[in-house]
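This is what each chain is made of:
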Amino acid sequence: MAPDTVSLRYFLVLAQELNFTRAAARIGIAQPALSARMRRLEAELGTSLLVRNTRSVVLTTAGTTLAESAPPALAALDRAWDTARSAGAGELGTLRIGYSLSTGAETAPALVDRLIRNSPGLEVGAVPMTTPEISPAVADGRIDAGITRGEQPGRGVRRFLLRRQRIGVQLAQHHPLAEHPEIEIADAAAYPLRLPDRTANPVIHDQLSALFRDTRPHPRFHTPPVSFDMSQHDLHDGLTLAPAGEAAVTTQPAGLTWRPLRGAPSLTIHLVLPREQSPLHHRIRAVAKTLAHELHWLPD
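Each chain carries its own residue numbering, running from 1 in the written order of its sequence. Confidence filtering applies because this is a predicted model: local features only for residues at pLDDT of at least 70, side-chain atom pairs given and counted only at 80 or more, and all residues used for totals across whole chains, interfaces and linings. Each side-chain value is worked out from all heavy atoms of the structure, with water and hydrogens disregarded.

*Asks:* Any details on the overall build of the protein? Residues and values, ideally.
*Replies:* Counting from the N terminus, the helices are DSSP H or I runs at least four residues long and the strands are E runs at least two residues long. Secondary structure summary: the protein contains 11 helices and 12 strands in total. In this description the radius of gyration comes from C-alpha coordinates, and the expected globular size is given by 2.2 Å times residues to the power 0.38. At 32 Å, the protein has a C-alpha radius of gyration far larger than the 19 Å of a compact globule built from 300 residues. When a residue's accessible area, from a 1.4 Å probe over protein chains only, is under 20% of the maximum for its type it is buried; when over 50% it is exposed; and in between it is partly exposed. Across the 300 residues of the protein, 41% fall into the buried class. Taking all contacts inside the protein whose residues are at least 6 apart in sequence as the whole, residues at least 24 apart take part in 72%. This count recognises Lys and Arg as positive and Asp and Glu as negative, with His and chain-terminal groups excluded. Positions of charges follow a simple convention, taking NZ of Lys, CZ of Arg, CG of Asp or CD of Glu. Each charge class in the protein can be summarised by its mean position, and for the 32 positive and 29 negative side chains these summaries are 8 Å apart. Contacts: residue pairs with any heavy atoms within 4.5 Å of one another.

Okay, structure coming up:
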């Protein structure tokens, strides 16, 4: 049976001091207890490590060999313990995050960056996915976590509110409504409104269209043939408004601006994790919660 590591560490202190009194004081135990430890260590190894007399301690050949070979072995063991603790704390491993395109401009990159910086042992991969795909992929383990706009339905997952954003509209800077710091919902409804494709995110599509349910005449909705159309000619021409969350401010092309809609509810962004969570999932949740607080993503 291999000796216990505590006795081995005590032996290394004694090998440095070559004096039981000083070694015991340095360790913080009584001298008789140290002597008993050393006798037990020698018995376990089946060889003498020390030559003792009333004045000095001398290492035997076996003792000298052990004093030289034990430190790197103990250091390797310490690294093994540290690795196990880090894995248990969710700080090691491979982390796969799926995110909806609408969260990819600001929210998802911020969370991924914080995870990488806070946990160097994590290998983080992030991939854009259609919103309806994310919750099922988290539930069946294809990805470890997801970031979605809106509280998406799905079994086998838990959703945590990560961010709230004001709802407004993107519009041309020369548009008459751009002169107002806030726009009335009824005023916005007087213009054609561009909505995201419902198949890409039914929750957000329905939430945005519901804003204008009670306006008269009924607004004209249309969906662009290509999601996230970078040209956005209809907005630049001042013909159309695009309901959007406040994050649009950070990514909008030149010539466009964003104005909040007065009295509109907020859009939400959620972190999606499996219902049964590992230390890695707890780590993601803790980092996301801290990030949301620091960046004021949620009201106090």
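Moving on, there is more to tell.
*Asks:* How would you explain the packing of helix α1 (residues 5–17) against helix α3 (residues 31–45) if you had to name every residue and give the values?
*Replies:* Throughout, an axis means a line fitted to C-alpha atoms (over the contacting stretch in the case of helices), and angles, computed between N-to-C directions, take values from 0 to 180 degrees. With their axes 10 Å apart at the nearest point, α1 and α3 run at an angle of 110° to one another. By the criterion of interaxial angle, the relationship of α1 to α3 is roughly perpendicular. Handedness of the crossing formed by α1 with α3: left-handed. For the pair α1 and α3, contact is made by Val6, Ser7, Tyr10, Phe11 and Leu14 and by Leu34, Arg37, Met38, Arg40 and Leu41, respectively. Side-chain classes follow a simple rule in which Ala, Val, Leu, Ile, Met, Phe, Trp, Tyr, Cys and Pro form the nonpolar group, Asp, Glu, Lys and Arg form the charged group, and the remainder, Gly included, forms the polar group. Across the contact of α1 with α3, the residue classes break down as 7 nonpolar, 1 polar and 2 charged. Each angle is binned into one of four classes, with values under 35 degrees roughly parallel, values over 145 roughly antiparallel, values of 65 to 115 roughly perpendicular, and all other values oblique. Crossings are classed by handedness, with left-handed meaning an anticlockwise turn of the near helix from the far one by less than a right angle and right-handed meaning a clockwise turn.

*Asks:* Could you give an account of α3, with specific residues and numbers?
*Replies:* Counted at 1.5 Å a residue, the expected span for α3 with its 15 residues is 21 Å, and the 21 Å between its end C-alpha atoms agrees. Taken residue by residue, α3 has Leu34, Ser35, Met38, Leu41 and Glu42 as its buried positions. Down the axis of α3, the buried set is contained in an arc of 120°. They therefore lie on one face. Away from the buried face of α3 by more than 90 degrees, exposed residues Pro32, Arg39 and Ala43 are located. Where α3 is buried, its residues touch α1, α2 (20–27) and β1 (50–52). Trailing α3 by a residue or two, Gly46 shows a phi angle of about 75°, which is positive. How far a helix is expected to stretch is found by multiplying one less than its residue total by 1.5 Å. This arc is taken over the directions from the axis of the helix to the C-beta atoms.

*Asks:* Tell me about the sheet that holds strand β3 (residues 93–100), residues and numbers included.
*Replies:* Two strands pair under a simple rule: DSSP has to find at least two bridges between them. The 5 strands lie next to each other as β4-β3-β5-β12-β6, forming an open sheet whose pairing is mixed. The open sheet has two edge strands, β4 (122–129) and β6 (157–165), and neither has a second partner. Recorded for the sheet is a direction-independent mean angle of 20° between the axes of neighbouring strands. With 8 bridges connecting them, β3 and β4 associate as parallel partners. Bridge pairing in β4 links Tyr99 to Pro128. Strands in contact with helix α6 (residues 131–139) are β3, β4, β5 (145–149), β6 and β12 (267–274); relative to β5, the strand with the most contacts, it is inclined by about 155°.

*Asks:* Break down the layout of surface pockets for me, citing the residues and quoting the values.
*Replies:* Cavity means a closed set of points on a 1 Å grid over the protein atoms alone, one where a 1.4 Å probe fits but cannot get out, pocket means an open set with protein on both sides within 12 Å along at least 5 of 7 lines, and lining means a residue has an atom within 4 Å of a point. Grid points are joined across faces, edges and corners, and a volume is the space filled by probe spheres set on the points. Estimated volume of the second largest pocket: approximately 150 Å³. Along the walls of the second largest pocket sit 13 residues, with Leu161, Lys289, Ala292, His293 and Leu298 positioned nearest its centre.

*Asks:* Provide a residue-level description of helix α11 (residues 279–294), including the pertinent values.
*Replies:* Spanning 16 residues, α11 covers 23 Å between terminal C-alpha atoms, matching the ideal 22 Å at 1.5 Å per step. Where α11 is buried, its residues contact β3, α5 (107–118), β4, β5, β6 and β12. Looking one or two residues beyond α11, the residue adopting positive phi is His296, at roughly 60°.

*Asks:* Please set out the environment of Arg220 residue by residue, giving values where relevant.
*Replies:* Relative to the elements of secondary structure, Arg220 occurs in the loop between α8 (202–210) and β9 (221–222). Between the C-alpha atom of Arg220 and that of Pro192, which follows or precedes it by 28 residues, the distance is 4.9 Å. In contact with Arg220, not counting residues within four places along its chain, are Ala190, Tyr191, Pro192 and Leu193.

*Asks:* Requested: an account of the packing of α1 against α2, with residues and values cited.
*Replies:* Remark: α1 packs on α2, axes separated minimally by 9 Å, with the N-to-C direction vectors making an angle of 135°. The orientation of α1 relative to α2 falls into the category oblique. Crossing angle aside, the handedness with which α1 passes α2 is right-handed. Contacts from Tyr10, Val13, Leu14, Gln16 and Glu17 in α1 reach Phe20, Arg22, Ala23, Arg26 and Ile27 in α2. By residue class, the composition of the contact of α1 with α2 is 6 nonpolar, 1 polar and 3 charged.

*Asks:* Lay out the environment of Leu45 in plain terms, naming residues and giving numbers.
*Replies:* Here Leu45 lies in helix α3. As for Leu45 and Glu294, which are separated by 249 residues in sequence, their C-alpha atoms are 55 Å apart.

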